[in-house]
Structure formats: C-alpha cells, structure tokens
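Structural overview for review
Each chain, letter by letter, is given below.
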Amino acid sequence: MRLVLVGPPGAGKGTQAEFIAAHLAVPKISTGDIFRANVSQGTPLGVEAKRYMDAGKLVPDEVTINMVRDRLAEPDAAEGFLLDGFPRTTPQAAALDKLLADLGSGLDLVLELVVDDDEVIRRLSGRRTCRGCGKIWHVEFDAPSQEGICDRCGAQLFQRDDDKAETIAERLREYADKTAPLVDYYGAQGKLVGIDATGPVEDVTVRAIDALRSYGG
Ligand code: AMP
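What counts, and at which threshold
Residues numbered from 1 in each chain as written. Predicted model: local features only at pLDDT ≥ 70, side-chain atom pairs only at ≥ 80, totals over all residues. Heavy atoms only, no water. Buried < 20%, exposed > 50% of the residue type's maximum accessible area, 1.4 Å probe, protein only. Helix = DSSP H or I, 4+ residues; strand = E, 2+ residues; numbered from the N terminus. Pairing = 2+ DSSP bridges. Core = buried A, V, L, I, M, F, W, Y, C linked by side-chain atoms within 4.5 Å. Contact = heavy atoms within 4.5 Å. Salt bridge = Lys/Arg side-chain N within 4 Å of Asp/Glu carboxyl O. UniProt positions renumbered as here; feature names shortened; annotations may be inferred.

**Concerning the pairing of strand E8 (residues 192–196)**
Side chains Val193 and Ile195 of E8 all project onto a buried face; the interleaved residues Leu192, Gly194 and Asp196 project onto a face where none is buried. In this structure, strand E4 (residues 109–114) lies alongside E8, joined through 5 bridges in parallel fashion. For Leu111, the partnering residue across the bridge sits in E8 and is Val193.

**As for the nonpolar core**
Counting residues in each nonpolar core, the largest one holds 24 residues, and the members touching the most others are Leu3, Leu5, Ile20, Leu82, Leu111, Leu113 and Ile195. When near neighbours in sequence (up to four residues on either side) are disregarded, Ile195 contacts Leu111, Glu112, Leu113, Val114, Val204, Arg207, Ala208 and Ala211. In terms of nonpolar packing, the next biggest core, distinct from the first, is built from 18 residues, Ala77, Phe81, Leu100 and Tyr186 among them.

**Here we look at the pattern of salt bridges**
Counted according to the given criterion, the structure contains 20 salt bridges. For Asp102, the salt bridge goes to Lys98, with nearest N and O atoms at 3.0 Å. Of this pair, Asp102 and Lys98 are both found in helix H5 (residues 90–102), 4 residues apart, which corresponds to roughly one turn of the helix. For the pair shown, Asp102 and Lys98 are each scored as exposed. The shortest N-O distance in the salt bridge between Asp163 and Arg127 comes to 3.0 Å. With Asp163 in the loop between strand E7 (157–158) and helix H7 (165–179) and Arg127 in strand E5 (residues 127–130), this pair connects stretches of sequence that are 36 residues apart.

**Regarding the UniProt feature "binding site: Zn(2+)" (unreviewed entry) in the chain**
Taken from the UniProt record, the annotation "binding site: Zn(2+)" (unreviewed entry) applies to Cys130, Cys133, Cys150 and Cys153. Look at the named residues: they lie 24 residues apart in sequence, but the longest C-alpha span between them is just 8.5 Å, so in the fold they bunch up. By secondary structure assignment, the location of Cys133 is in the loop between E5 and strand E6 (136–138). Residue contacts for Cys133: discarding those within four places in its chain leaves Cys150, Arg152 and Cys153. Mapping Cys153 onto the fold places it in the loop between E6 and E7.

Right, here's the structure in full:
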C-alpha cells in the first residue's frame, strides 16, 4: 500500500505512522525525521533545513521534493510506503503524483488525522524529547517519574526548538495556509479518509487501521 498521513503538527502523525507502517509492513518515511537526522549530522541539507525548521517554516519545496525522490528510489519503498509529513504543500502533492505516475503507480489512500488547534497547542507545548534515546514524553499526559529525566534510558529531556510557543503558532499558520488545502486536493481525487485523532493513542490506531481495512489495507 502507498499511503500518506496528513494532519496538523501535534496530531500524532509520527506515533501513528510507526504503528500503521508496522501493521502494513511498509517503511515509514518521515521528512521531519530525515531533516532532523541531517541537522544532527551537520550535512549541508541539514544546515539549510534548520533555518526553516527553527522558525516553524516549511523547508522549500524543491529541497524537500528532491530528498523524497531519492528516498522513494530506495528498494524498500518499491512495494509500498507510509509517508509521514510529506506532502505538506500542493506543489509537493503534485510532484509526488507525477513521481509515482512515472513509476507506473499511485497513492492508494490519504489518511487525515483530525485534531483542533487548542488540542494541538496543549500537546506540542508539553512535549519533551529524550536526548539519549529520542523517546517523546509529555509533561501532562505522559510524564516521566522524575521531571526532566527519561525513564527508559536516564538521559535528559529537552524541548525541541520547534515545540516552543512562538514557533508552534507559526507552524499552525503554515499548516492552515499551505497544508490544509491538501484535504481538498486529495478529496477531489477520492483518496481522502479523515479520522478523529483525539483520545488515547491506541484508540486512534484502531480507528486508523479500521479505516484502512475498509479501503482494502
Ligand atoms: P515534523 O517532524 O513532520 O513536524 O517536521 C519538522 C519540520 O521539518 C517542519 O516544521 C518543517 O520545517 C520541516 N518539514 C518536514 N516535512 C516537510 C515538508 N514536507 N515540507 C517542508 N518542510 C518540512
């Protein structure tokens, strides 16, 4: 299956993408993760992307599309994939359609995680990431037993620059301006299915998998 996951920042795309990709036995391809890996390795791509990421802005389409084109050319993506965080603009969606059409395939389904802005702000502003193992905690919903320390590996937790309040507001504006139009784009193709992404993580996963099943996944 070739799937795309869309939804505002903080909708839980990364978490749900892990479960859904495992369920479907396809690779999860997250542009945010690829950018962050490049940032931490200090590659030229990472240096360029970081300027945008820290400001809550989208990385330019051309850079992002080229990166995804390379990733989709890897053998593990030949039979299917789950894209998490890409496309995020209409030009990216059009480029993806073209790329897949050139390969003789196309997307099967686009799953939209639906969450309102207030919930997104609560989720993102409380999010803390472990410096050691990368596990994501939440000060309110999933707090470690000792504040600021990861229960799993003992390393310190930090707040991602793009999870700070001013950057969250900018990310939400970017989402409304540039990414929300994808709902119409894929709706017009008859490929969009929206699910309620509030409530316990496991419940959202069940809803996602049920939605996929009803579309043959
Ligand atoms: P995420 O982890 O998906 O929230 O992505 C973190 C940041 O990476 C975003 O706020 C953007 O700056 C950048 N990014 C990730 N995916 C894309 C994309 N498809 N297009 C442009 N920028 C992206």
